[in-house]
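Overview (structure and organization)
These are the residues of each chain, in order.
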Amino acid sequence: MPPPGQVRLPDWDTLKLRVRSMIGSHRVMIFSKSYCPFCRKVKDLFHSLAIEYSVLELDKTDEGPSIQEVLAELTGQRTVPNVFVNGTHVGGCDQTFQAYHSGLLQKLLGGSKGEEMEAYDYDLIVIGGGSGGLSCSKEAATLGKKVMVLDYVVPTPLGTTWGLGGTCVNVGCIPKKLMHQAALLGQALQDARKFGWEYDEQVKHNWQTMVEAIQNYIGSLNWGYRVALREKTVTYLNAYAEFIGPHKIKAVNRKGQETFFTAQSFVIATGERPRYLGIPGDKEYCITSDDLFSLPYCPGKTLVVGASYVALECAGFLAGLGLDVTVMVRSILLRGFDQEMAERAGAYMEKHGVKFIRQFVPIEVVKLEDGMPGRLKVIAKATGGTEMIEGEYNTVLIAIGRDACTKNIGLDKIGVTVNEKNGKIPANDEEQTNVPYVYAVGDILEGKPELTPVAIQAGKLLARRLFGGSNVKCDYINVPTTVFTPLEYGCCGFSEERALEQFGQDNIEVYHTLFWPLEWTIPNRDNNTCYAKVICNKRDNVCIVV
Ligand code: FAD
Ligand code: NAP
């Protein structure tokens, strides 16, 4: 019955008949309100499925409130969206998505009109077999889903390529940490004499031996990942994936052969690749971290360009291995980190032989001599003036940041929004992009930490939410991280600069201390180096601000 006092525009029964007829005569009928975000979400879902739908915006018609009452009578649901598929009441936004994920929606869509919904090849296709992609695909398969993962490494300009596992395993955390360890062992050798070890031989480092050992280990990890995928019955394809239409990708393998696959849901986990300077000689003569860890020869005298994580870590271990290393810094060290800590890490590096050229950027790299390594001339310009400098190096390592691999994967063909400025994919707090069946995890996600444990956790939790009935989301706040320069700087929460900004000078209290690690005492290593700092909010019971 209409609510008491409600104006009956047409006759109540006539209206009911009309609503019924709308429901019955449209494959998908959505009763909506134009400003409602949940209604938009549902419309986006059908749009992304390339399924035509009819909408009645209840806020745009005088009959709106009465129709809402009719719907309440017919379905027990007063809220919008109110969705019907082939005459069946599906429900609101949550119910529609649940129906979509369980496959019910597809069945209903295929139903009465004999229009069979396409049967997808896979429940889930994951693009990118790195930290995020592997964890997500394995978890989805564990939950009984039919899953495919595609991984393909586009060779670097120098032709370097690698196996399954993504950045962390092949050209990131793993080789970085192992080379860091090689550098620490050099220091340990020096310390060892003080602890009573006597050895006569002259100590020197063999780059090839180290690289071969590390690459062998990485090879075993690549193999292990393939076996793990097979055991979980995830289909693995070493091919480059690109969307060519809704729910459909093209996969191109090394030989250029094309195959096509469809899936109900997709996860994009394509990661990032090093950025180049865009100056003469950079791609021809310089290397990036993607080349360094498998470089078949010792890089020799090295210029590292950049001053963040990757740059300082690589500079740190190369110097620790005894090489002549210079870092060219455009502005500050470790942007985004506590600057006092960043400068302390820099001071330690300087003390251990790393040279810094500050406020300069390279403008040209010229080859002077071929070889392994060869000889390069770098011409650089002051950032705040016209001063120019030149230097000769055997190797130039560019580490000026990484670009998200989102450009050539057909996202435009399916309407996934990408931030034009940085190539990152915006997503909601459930890693869902603006196209409801497409999700994104790992380094390509906008505004999230670019770290392996984060990508792994996000991928696993996403699979559990999609296929395991879970509603646990990934917590991206206060993720700790460490920079290995090789002095290890771990941090979590606010830098002092950000705490000042957020809470004001008067409201923060900073506690700090220098300390001398026990193992540094016997070799008499510098007791003014190791430092800890805790930033507290006075207003919040002097609580640590993380
Ligand atoms: P990735 O691991 O990069 O995987 C993406 C995969 O997708 C790649 O294999 C790529 O080739 C593939 N791919 C791309 N496009 C396609 C396509 N169209 N079709 C098929 N496959 C495709 N993090 C830490 O937590 N700790 C560290 O110590 C640390 N050290 C690092 C050191 C270095 C030098 C670097 C570069 C990174 C480091 N990181 C570290 C960051 C960490 O490696 C990344 O955060 C992590 O690998 C991101 O995982 P992902 O799944 O997003 O992408
Ligand atoms: P990044 O954090 O984006 O830093 C880029 C650096 O390059 C900055 O110092 C920047 O200087 C400089 N730069 C940019 N453009 C330049 C140019 N044209 N000329 C000269 N210098 C330029 O990049 P990243 O070091 O590659 O790290 C990427 C991500 O990988 C990090 O965010 C991190 O999460 C992850 N990572 C983690 C670890 C770890 O956990 N230990 C290790 C490595 C990497 P300005 O400050 O002047 O902009």
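Residues numbered from 1 in each chain as written. Chains lettered and ligands numbered in written order. Predicted model: local features only at pLDDT ≥ 70, side-chain atom pairs only at ≥ 80, totals over all residues. Heavy atoms only, no water.

The chain is annotated in an unreviewed UniProt entry as Thioredoxin-disulfide reductase of Phrynocephalus forsythii. Database annotation for the chain, UniProt heading Cofactor (unreviewed entry): "FAD". The chain has a UniProt comment under Function (unreviewed entry) that states "Has a glutathione-disulfide oxidoreductase activity in the presence of NADPH and glutathione reductase. Reduces low molecular weight disulfides and proteins." (UniProt positions renumbered as here; feature names shortened; annotations may be inferred.)

Here's the deal with helix 9 (residues 207-231)
Along its 25 residues, helix 9 runs 36 Å from first to last C-alpha, staying within 8% of the 36 Å computed at 1.5 Å per residue. Where helix 9 begins, the capping side chain belongs to N206, and its oxygen is found 3.0 Å from the backbone nitrogen of Q208. Of the residues trailing helix 9, T233 is marked for its positive phi of about 60°. (Helix = DSSP H or I, 4+ residues; strand = E, 2+ residues; numbered from the N terminus. Expected span 1.5 Å × (residues − 1). Polar contact = N/O pair within 3.5 Å; in protein donor to acceptor, adjacent residues only side chain to side chain.)

So, the site of ligand 2
In the region of ligand 2, 21 residues are neighbours, and R330, S331, R335, E450 and T482 sit closest. Side-chain polar atom of K176 to a nitrogen atom of ligand 2: 3.4 Å apart, as the coordinates give it. Residue R335 places a side-chain N or O atom 2.7 Å away from an oxygen atom belonging to ligand 2. Against a free-state accessible area of 920 Å², the protein chains account for coverage of 78% of ligand 2. Of all the secondary structure elements, the ones that give two or more residues to the shell around ligand 2 are helix 12 (309-320) and strand 22 (481-484). (Near = heavy atom within 4 Å. Areas by Shrake-Rupley, 256 points an atom, 1.4 Å probe, with all protein chains shown as cover.)

Focus on the UniProt feature "domain: FAD/NAD(P)-binding" (unreviewed entry) in the chain
Here, the residues flagged by UniProt with the feature "domain: FAD/NAD(P)-binding" (unreviewed entry) are residues 122-459. In residues 122-459, the share of helix is 33% and the share of strand is 26%. The end C-alpha atoms are 18 Å apart.

Comments concerning a nonpolar patch on the surface
Residues Y511, V534, V542 and I544 make up a contiguous nonpolar surface patch of about 330 Å² in total accessible area. The residue I544 is located in strand 26 (residues 543-544) in this model. (Patch = residues over 30% accessible without salt bridge, like charges linked within 9 Å, V, L, I, M, F, W, Y side chains within 5 Å. Salt bridge = Lys/Arg side-chain N within 4 Å of Asp/Glu carboxyl O.)

Regarding the pattern of salt bridges
It is possible for side chains bearing opposite charge to pair when their charged atoms get close. In this structure the tally under the stated criterion is 29 salt bridges. Among the salt bridges present, the one from K367 reaches D370, with a minimum N-O distance of 2.7 Å. For K367, a relative accessible area of 36% corresponds to the partly exposed category. Among the ionic pairs, D429 bridges to K473, the shortest N-O distance being 3.0 Å. Taken together, the residues span a long stretch of sequence, with D429 in the loop between helix 14 (411-414) and strand 21 (438-440) and K473 in the loop between helix 15 (452-467) and strand 22 at a distance of 44 residues. Taking the relative accessible area as the measure of exposure, D429 reaches 47% and is therefore partly exposed. (Buried < 20%, exposed > 50% of the residue type's maximum accessible area, 1.4 Å probe, protein only.)

Considering the layout of surface pockets
Any empty space left between atoms is shown by rolling a water-sized probe over those atoms. Volume-wise, the second largest pocket comes out at about 560 Å³. Looking at the second largest pocket, it is lined by 22 residues, and the ones nearest its centre are F97, Q98, H101, E430 and R465. Among the secondary structure elements, those contributing two or more residues to the lining of the second largest pocket are helix 4 (93-102) and helix 15. Counting residues per element, the lining of the second largest pocket draws most heavily on helix 4, at six residues. Residue composition of the lining of the second largest pocket, by class: six nonpolar, nine polar and seven charged. (1 Å grid on protein atoms, 1.4 Å probe; cavity = no way out; pocket = protein on both sides within 12 Å on 5 of 7 lines; lining within 4 Å. Points joined across faces, edges and corners; volume = space filled by probe spheres on them. Nonpolar A, V, L, I, M, F, W, Y, C, P; charged D, E, K, R; others polar.)

Digging into the site of ligand 1
Surveying the vicinity of ligand 1 reveals 33 residues, the closest of which are G132, D151, T167, K176 and D443. Here an oxygen atom of ligand 1 and a side-chain polar atom of T167 are 2.5 Å apart. Between ligand 1 and A241, the relevant distance is 3.0 Å, taken from a nitrogen atom to a main-chain nitrogen or oxygen of the residue. Against a free-state accessible area of 1,000 Å², the protein chains account for coverage of 92% of ligand 1. Every element with two or more residues in the shell around ligand 1 is listed here: helix 6 (131-142), helix 7 (166-171), helix 8 (173-194), strand 8 (239-245) and helix 15. Among the elements that make up the shell around ligand 1, the one with the highest residue count is helix 7 (four residues). Of the residues in the shell around ligand 1, the class split is 16 nonpolar, twelve polar and five charged.

A look at the UniProt feature "domain: Pyridine nucleotide-disulphide oxidoreductase dimerisation" (unreviewed entry) in the chain
Within this structure's numbering, the places UniProt gives as "domain: Pyridine nucleotide-disulphide oxidoreductase dimerisation" (unreviewed entry) are residues 479-541. Secondary structure across residues 479-541 divides into 19% helix and 38% strand, with the first and last C-alpha atoms of the span separated by 23 Å.

Quick word on the nonpolar core
In this structure, F46, V85, L105, I125 and I249 are the most contacted members of the largest nonpolar core, which totals 70 residues. If we ignore the near neighbours within four places in the chain, the residues touching L105 are L45, F46, L49, V85, V90, T96, A99 and Y100. By size, the runner-up hydrophobic cluster in this structure holds 45 residues, among which are W162, L221, L312 and M341. (Core = buried A, V, L, I, M, F, W, Y, C linked by side-chain atoms within 4.5 Å. Contact = heavy atoms within 4.5 Å.)

Points about unusual backbone geometry
Backbone torsion omega between V80 and P81 reads 0°, so that peptide bond is classified as cis. Structurally, the position occupied by P81 is in the loop between helix 3 (64-75) and strand 3 (82-85). Backbone torsion omega between T485 and P486 reads 0°, so that peptide bond is classified as cis. One can find P486 in the loop between strand 22 and strand 23 (488-491). Phi at T233 takes a positive value of approximately 60°, unusual for a residue other than glycine.

Quick notes on the sheet that holds strand 24 (residues 508-515)
Within the open sheet, the three strands sit side by side as 24-25-26. Their pairing is antiparallel. What marks the edges here is a single partner per strand, and that holds for strand 24 and strand 26. Of the pairings in the sheet, the one linking strand 25 (residues 530-537) to strand 26 comprises two bridges and is antiparallel in character. Residue pairing across strands places N537 opposite C543, the latter belonging to strand 26. Sheet strands touched by helix 13 (residues 339-351): strand 24 and strand 25. Its angle to strand 25, the strand with the most contacts, is close to 175°. Lying over the sheet, helix 16 (residues 496-503) contacts strand 24 and strand 25, oriented at roughly 165° with respect to strand 24. (Pairing = 2+ DSSP bridges. Axes fitted to C-alpha atoms, helices over the stretch in contact; angles between N-to-C directions.)

Regarding the packing of aromatic side chains
Inspection of the entire model under this criterion finds ten aromatic pairs. Aromatic side chains F31 and F84 sit 5.8 Å apart centroid to centroid with 85° between the ring planes, which places their arrangement in the edge-to-face category. Here F84 lies in strand 3 and F31 lies in strand 1 (residues 28-32), a separation of 53 residues in the sequence. The exposure class assigned to F31 is buried, which follows from its relative accessible area of 0%. F84 sits in the buried class, given a relative accessible area of 4%. For the ring pair F46 and Y53, a centre distance of 6.3 Å and an interplane angle of 50° mean the geometry is tilted. For F46, a relative accessible area of 0% puts it in the buried group. On the basis of relative accessible area, Y53 is assigned to the partly exposed category, the value being 29%. The ring of F356 has R358 lying over it, and the distance from NZ or CZ to the ring centre is 5.6 Å. Lying over the aromatic face of W520, R525 brings its terminal NZ or CZ to 4.1 Å of the ring centre. (Phe/Tyr/Trp six-rings, centres within 6.5 Å; stacked < 30°, edge-to-face > 60°. Lys NZ or Arg CZ within 6 Å of the ring centre and 35° of its normal.)

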